[in-house]
Amino acid sequence: MIDKLLPCLLSGVSVGGQYALIAVGYTMVYGILRLINFAHGDIFTAAGFFMVYLAASLPLSLSLPLVILLTVALGFAVERVAYKPLRSAPRMSVMISAIGVSYLLQNLMWYITGGLAKQYPVIPWLSTSIAIGPTSTKIVTLFTPVLTIILSVALVTLIRRTKIGMAMRAVSRDFETARLMGIKIDSVISATFIIGSFLAAVGSVLYFSNYTSVTPTIGAMPGLKAFVAAVFGGIGSIPGAVIGAFVIGICENIIKMLGYTTFSDAFTFALLIVILLFKPTGLFGEKISEKV
Amino acid sequence: MSLLQVKNLKVNFGGIEALKGISFNVDQGQIVTLIGANGAGKSTTLRAISSLVYPSEGSIYYEGRDITRLDPQKIVEMGIAMVPEGRRVFSNLTVNENLLIGAYLRKDKAAIAKDMDHVYDIFPRLGERHWQLAGTLSGGEQQMLAVGRGMMSRPKILMMDEPSLGLAPMVVQDIFRIIKRLNEEGMTILLIEQNANAALHAAHYGYVLETGHVAMQGTGRELLENRQVREAYLGKSAKR
Ligand SMILES: Nc1ncnc2c1ncn2[C@@H]1O[C@H](COP(=O)(O)OP(=O)(O)O)[C@@H](O)[C@H]1O
Ligand SMILES: [Mg+2]
């Protein structure tokens, strides 16, 4: 039992870290625009394909930063093209636009790839096996939670301590008054999408180093689970999303260890229903009534 | 020449004309007030000056320059700040951060720190609570914070939208004392009020807005003594 528990927990925090890197993008965008960015999971998938095509002709030292750059550019462009023109439209319109973008990206990826699964390149350093006690695992399994925590702490520090972070918090509360302070809200919103897409790109590298192949719809499941993590943690809260993601990752792996693999996905969605029924604001979510 | 000149300003909201061509001036060093009933167009006037809404016609001049339809941050940068209706402090930011964000466009760190001390000097209660989230302050304290935040951009003209709204009489007195103090320190003030009595007593000059146009104007004293103003806006409080 114990010798099964350790790898199970390791894999749990690793998967949790992957979900967390996606979940932060959902929660930040929601915090500032009150929008569930349905395209976020597809941006994650696109990052996977960027790597597939770039690594085919470039060394990893070049393709890795390029993947991140392209993913960030994609996230930025989606916001500018599909959400910004709807800034003063009802929120439902933006939501529908987000669903449209999601399908557009998916279909583009079908079109470009022909729908065939593409082999993700092996990143040697991440895929090396190391021994931990009696078991062995890929370095990426250990590296993911560590990097996730470092990036989350850096992000929370940015938001709590810097001027742009203060502007983000102000914009998330009140667009108009933020503009009266001289804040360019469009730049702040763009910064949010840039950070979210950056983290999704990092997450995709870690994720696909484990799962090895990319298909146009592969982002849907991790995207959904990250979304549940964000709701569980209290949508809008970054620490909440990270903790929620780790909880979901660990629980899923414990369920798998106990032999109920087929139910591990169902668990996540059962959790979503339970939260929505009993604590819709999640672990750290603010009460809506707090908003003035 | 006036510091701020508004000429024939018209603002439409989807076919409804909220401002039907209003003109007024704010001279350097004065307190000028716009009074009028609910829905007369007072807030819309300030919002147009701050470029939160764009006028369909008319112009706004500041220090002789046409500033109509400039970006809101440009307006702040040039020296026009607004204390919005309903205070609108950032409830999720601390008192300190609310003041800092008022100085968002400034880079002179040392001077910002000095100006914060000045705000805390005028509003000692804010100083005592500088680390508290603004959402936990009382209504009067939030109003003071909103005024302090407005001061932090070092404006030449501070526009205040109904600063006395919903506050206890004692606090209203405080607010008006502070408006006068700021003015004595050299700040030009454009004050919007429904509390016409207090506003006209404080102001050098006033305009009465009625459904989107200027119905009357005069010095504070003239308007206080005007019969129509007394009947429509001062009620019993006119007797003092
Ligand atoms: N965003 C808006 N959309 C539509 N109508 C508006 C909007 N803002 C103000 N109005 C209308 O414009 C008129 C003037 O409003 P306002 O300037 O807020 O008045 P005041 O501040 O004097 O009470 C009102 O009839 C109000 O309903
Ligand atoms: Mg008003």
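Above this text you will find the structure in question.
Bear in mind the structure is a predicted one, so any value in this text is a computation, not a measurement.

Cut-offs used in this document
Residues numbered from 1 in each chain as written. Chains lettered and ligands numbered in written order. Predicted model: local features only at pLDDT ≥ 70, side-chain atom pairs only at ≥ 80, totals over all residues. Heavy atoms only, no water. Helix = DSSP H or I, 4+ residues; strand = E, 2+ residues; numbered from the N terminus. Contact = heavy atoms within 4.5 Å. Buried area = accessible area lost by both parts, 1.4 Å probe. Salt bridge = Lys/Arg side-chain N within 4 Å of Asp/Glu carboxyl O. Polar contact = N/O pair within 3.5 Å; in protein donor to acceptor, adjacent residues only side chain to side chain. Near = heavy atom within 4 Å. Areas by Shrake-Rupley, 256 points an atom, 1.4 Å probe, with all protein chains shown as cover. Nonpolar A, V, L, I, M, F, W, Y, C, P; charged D, E, K, R; others polar. Buried < 20%, exposed > 50% of the residue type's maximum accessible area, 1.4 Å probe, protein only.

Trainee: Summarise unusual backbone geometry; cite the residues concerned and give the values.
Mentor: Positioned with a positive phi, A:Thr212 is a non-glycine residue whose angle comes to about 65 degrees. Of note, the phi angle at B:Glu63 is positive, near 50 degrees, even though the residue is not glycine. Looking at the secondary structure, you find B:Glu63 in the loop between strand S4 (57-62) and strand S5 (65-66).

Trainee: Any chance you could break down the interface of chain B and chain A for me, citing the residues and the numbers?
Mentor: Quoted interface sizes are often the accessible area lost when the parts come together. Each partner contributes residues to the interface: chain B has 21 residues there, and chain A has 19 residues. Buried surface at the junction of chain B and chain A, both sides included, amounts to about 2,100 Å², of which 60% is carbon and sulfur. By the criterion of area lost to chain A, the three top residues of chain B are B:Arg88, B:Phe90 and B:Tyr104, representing 30% of everything that side buries. Here chain B is connected to chain A by 4 salt bridges. The residue B:Arg88 makes a salt bridge to A:Glu176 at a minimum N-O spacing of 3.6 Å. The interface formed by chain B and chain A holds 7 residue pairs in polar contact (both at pLDDT 80 or more) in total.

Trainee: Kindly report on the site of ligand 1, identifying the contributing residues and their values.
Mentor: Residues and elements named next belong to chain B. Taken together, Phe 13, Ala 18, Ala 37, Asn 38, Gly 39, Ala 40, Gly 41, Lys 42, Ser 43 and Thr 44 form the complete shell of residues around ligand 1. One of the backbone nitrogen or oxygen atoms of Lys 42 is found 2.8 Å away from an oxygen atom of ligand 1. Between Ser 43 and ligand 1, the recorded distance is 2.7 Å, taken from a side-chain N or O atom to an oxygen atom. The protein chains hide 60% of the 560 Å² of surface that ligand 1 would expose on its own. If one sorts the elements of the shell around ligand 1 by residue count, helix H1 (residues 42-49) sits on top with 3 residues. Of the residues contributing to the shell around ligand 1, the split by class is 4 nonpolar, 5 polar and 1 charged.

Trainee: Before we move on, could you go through the environment of A:Leu66 and cite the residues and values that matter?
Mentor: Residue and element names in this part refer to chain A. Looking at the secondary structure, you find Leu 66 in helix H3 (residues 60-83). Residue class for Leu 66 comes out partly exposed when judged on its relative accessible area of 29%. Sequence separation of Leu 66 and Gly 285 is 219 residues, and the distance between their C-alpha atoms is 35 Å. Apart from the residues within four sequence positions on either side, Leu 66 is in contact with Leu 54 and Leu 58.

Just distances and angles here, no functional claims.
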